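What the coordinates show
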Amino acid sequence: MEFNGVNFDTYFKNYPNAEGYYGRYGGAYISEELKQAMEEINEAYFTICKSRKFISELRKIRKEFQGRPTPISHLERLSTKIGNVQLYVKREDLNHTGAHKLNHCMGEALLAKYMGKKKVIAETGAGQHGVALATAAAYFGLECDIYMGSVDIKKQAPNVARMKILGANVIEVTEGLATLKEAVDAAFAAYSREYKDAIYCIGSVVGPHPFPMMVRDFQSVVGIEAREQFVEMTGELPDAVVACVGGGSNAMGMFSGFLNYPVDIYGIEPLGRGTALGDHAASLQYGEEGIMHGFNSIMLKDENGDPAPVYSVASGLDYPSSGPEHAFLHDLGRVKYDVVNDEETIDAFFELSRMEGIIPAIESSHAVAYGIKLAKQMKKGSILICLSGRGDKDMDYIIENYGIR
Ligand SMILES: *Cc1c(COP(=O)(O)O)cnc(C)c1O
């Protein structure tokens, strides 16, 4: 299949290129010292992760520890209520720890083990990536340092407790606004000092090459499983696939299974409270080309050209950029990127809970909300939504801020 001059039959061979570029986006904009460390990870990735031993160990972990394959559920009551379009969800909420993030954390930690590293390092904002990585570190017996802003530590007490119970060191970052950005800087600084013994584990398809590629490849299990399961269930491909986009890892995982098939693909960003800068985190919709956190992509900038403050009701989506591959697919037009706001998201959260007995994460509720909208526009056919995680973590927040609807 060809799309705007890009042949999708050979897409994964050609993108990213050897320097980590998807068209004009990606690359590695980092210090010389870190470049060396990234080079080491890149080489290890191509030798170790392609080896039969690594692949079979990862496969066993996915089956026996994570509980994969996760099922696809047909949303029969919701579909009937809306009309003739059939809605389905890929249940990453049933993956161990309740979201898709463990898919790449187990891959990254397994790579750390094969490379002989003793420690994994990462930052976390809402704590979801920290919990997934702490889980992987406990599984492999690796040390785990999680950098987290003091503001987030206060806000995310249950996830801080989880990380500590799992044996991770939660390192408080007090600089600046003491949130995610400062935590990223502190984690990178720690990695520059410790890269001989440690490996940095990024939380999405972002950061310098090779991370966007590695995380995509580890997450592609979602899309590959989903395509096979969907065809087995229905005898056909879905007409459309939908996923929410923060950094973009659950979406890239899902999309990987469908890029080369005649399926419409939608990536959904959070419109938050509205279109004004600072009220949303829809970087692909409203952003421009720029470099942050070591990669070139499309980002939201403030008046000085720095990453702009962003907002979303879903803490997992409030990032001022998206992975470089999303920027590329956006420009190509292969994936259509659209937005839903907080209100539509909260409605979808309750709709899925009430109609289907599935409480979705607020992040995933963005994809559900768009799937419902799309189903109303389409006269017939099927839509497969990536349900990236479960909503247990969000229940207190929803009750406090929105009440029971
Ligand atoms: C972190 C998170 C996301 C956003 O991350 P991506 O890298 O964009 O997938 C989405 N859903 C859930 C449940 C998350 O925890």
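See the structure above.
Our subject in this report is the structure included herewith. (Residues numbered from 1 in each chain as written. Predicted model: local features only at pLDDT ≥ 70, side-chain atom pairs only at ≥ 80, totals over all residues. Heavy atoms only, no water.)

1. Some thoughts on the nonpolar core
Counting residues in each nonpolar core, the largest one holds 97 residues, and the members touching the most others are Leu111 and Phe255. Broken down by element, the residue count for this core peaks at nine residues, all from helix 10 (residues 211-234). The contacts of Leu111, once residues within four sequence positions are left out, are Ile41, Ala44, Tyr45, Ile48, Cys49, Phe54, Ile199 and Met214. Counting residues in each nonpolar core, the second largest holds 34 residues, with Val89, Ala348, Leu352 and Ala367 among its members. (Core = buried A, V, L, I, M, F, W, Y, C linked by side-chain atoms within 4.5 Å. Buried < 20%, exposed > 50% of the residue type's maximum accessible area, 1.4 Å probe, protein only. Helix = DSSP H or I, 4+ residues; strand = E, 2+ residues; numbered from the N terminus. Contact = heavy atoms within 4.5 Å.)

2. Observations regarding the packing of aromatic side chains
Each aromatic ring pair is summarised here by two numbers: the centre-to-centre distance and the angle between the ring planes. Tallied over the entire structure, the rule returns 17 aromatic pairs. Centre to centre, the rings of Phe54 and Tyr114 are 5.3 Å apart; their planes meet at 70 degrees, and the pair counts as edge-to-face. Of this pair, Phe54 sits in helix 3 (residues 52-66) while Tyr114 sits in helix 5 (residues 101-114), and the two are 60 residues apart along the sequence. The partly exposed category is assigned to Tyr114, whose relative accessible area is 23%. An aromatic cluster is defined as three or more aromatic residues linked by ring pairs; in this entry it consists of Phe8, Tyr11, Phe12, Tyr15 and Phe328. Taking the ring centre of Tyr311 as reference, the NZ or CZ of Arg273 above it sits at 3.8 Å. (Phe/Tyr/Trp six-rings, centres within 6.5 Å; stacked < 30°, edge-to-face > 60°. Lys NZ or Arg CZ within 6 Å of the ring centre and 35° of its normal.)

3. Quick notes on the site of the ligand
Around the ligand there are 17 residues in total, and Lys101, Ser204, Gly248, Ser249 and Ser388 lie nearest to it. Residue Ser249 places a side-chain N or O atom 2.7 Å away from an oxygen atom belonging to the ligand. Between Asn250 and the ligand, the recorded distance is 2.8 Å, taken from a side-chain N or O atom to an oxygen atom. In isolation the ligand offers 380 Å² of accessible surface; the protein chains occlude 97% of this area. A breakdown of the residues in the shell around the ligand according to their chemical character gives four nonpolar, eleven polar and two charged. Two domains each put at least three residues into the shell around the ligand: domain 1 (34-62 + 101-211) and domain 2 (67-99 + 220-402). (Near = heavy atom within 4 Å. Polar contact = N/O pair within 3.5 Å; in protein donor to acceptor, adjacent residues only side chain to side chain. Areas by Shrake-Rupley, 256 points an atom, 1.4 Å probe, with all protein chains shown as cover. Nonpolar A, V, L, I, M, F, W, Y, C, P; charged D, E, K, R; others polar. Domains from an automatic or database assignment.)

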